[in-house]
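# Summary of the model geometry
What follows is each chain in one-letter form.
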Amino acid sequence: KFHGPRGTGILYVRDGANLMPLLSGGEQEGGMRSGTENLPAVVAMAKALRLSLDASAGGIAKMKRLTCTLRERFEKLEGVVCNTPKDYAAPHIMNFSVDGVKPEVLIHALEQRDIFVSTKSACSSREGGASRVLLAAGIPEKQAEQAIRISLSFENSEQDIEETVKVIREIITELRKVGENA
């Protein structure tokens, strides 16, 4: 997650690893890939990685502060539980659950306010049910099913956090009122 062009990536393969190509037909990348490389995208990805690495020392500390602020704000909201552990967690991810609010409804309400979050990691977002990772971490199933995932980057600010929490508070209040009147 270093803001490279969509569709590009890096695969680091340790010595001795046995990989099979997904598509056959060419000898690029040591016989592992066919087709012409998208050189402009590769160069842009390398530049994005370089910029990200240059910003990483201060950026990681900043993201830790932002997730700490998120946790503090969420702990003050009724029915909101932080699923991300306080210690030994990725600095850029905050996972939380909102009791009595369907995560899909909250996600769509946030999207309408230009705040984009998800229910799971991108690689498992199409799977239904509770996150296997949260369940394995001992989070109760109902809480895991209601989980929302916020991913931060070096570009996020304290103002972004405060605005996000404000909007989440407003949406939760609104959704609970609708639920009470239903």
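For the structure, check the block above.
Only a predicted model underlies this, so the values are computations on that prediction, with no experimental measurement involved.

### Some words on helix 2 (residues 39-75)
Taking 1.5 Å per residue as the helical rise, helix 2 with its 37 residues ought to reach 54 Å, whereas the 47 Å between its terminal C-alpha atoms falls clearly short. The largest bend along helix 2 measures about 65° and falls at Ser-56.

### Concerning the side chain of Arg-149
Note that Arg-149 resides in strand 3 (residues 147-151). According to the relative accessible area criterion, Arg-149 is buried, its value standing at 14%. Within the local environment of Arg-149, its side chain forms a polar contact with the side chain of Ser-151, the two groups lying 2.9 Å apart.

### So, the pairing of strand 3
Of all 5 residues making up strand 3, 4 are buried, and the element is well covered by its neighbours. Here strand 2 (residues 93-98) pairs with strand 3 via 5 bridges, running antiparallel. Of the residues in strand 3, the one forming a bridge with Phe-96 is Ile-148.

### Considerations on the sheet that holds strand 2
One open sheet holds the 3 strands; their spatial order is 1-2-3, and the pairing between them is antiparallel. Edge strands, defined here as strands with exactly one partner in the open sheet, are strand 1 (80-82) and strand 3. Looking at each pair of strands side by side, their axes are set apart by 30° on average, direction ignored. One ladder, built from 3 bridges, connects strand 1 with strand 2; its direction is antiparallel. Looking at the pairing, Cys-82 lines up with Phe-96 of strand 2. Contacting strand 2 and strand 3, helix 3 (residues 103-111) crosses the sheet at an angle of about 35° to strand 3.

Basis of the calculations
- Residues numbered from 1 in each chain as written.
- Predicted model: local features only at pLDDT ≥ 70, side-chain atom pairs only at ≥ 80, totals over all residues.
- Heavy atoms only, no water.
- Helix = DSSP H or I, 4+ residues; strand = E, 2+ residues; numbered from the N terminus.
- Expected span 1.5 Å × (residues − 1).
- Bend = angle between axes of the 7 residues up to and from the residue.
- Buried < 20%, exposed > 50% of the residue type's maximum accessible area, 1.4 Å probe, protein only.
- Polar contact = N/O pair within 3.5 Å; in protein donor to acceptor, adjacent residues only side chain to side chain.
- Pairing = 2+ DSSP bridges.
- Axes fitted to C-alpha atoms, helices over the stretch in contact; angles between N-to-C directions.
- Contact = heavy atoms within 4.5 Å.

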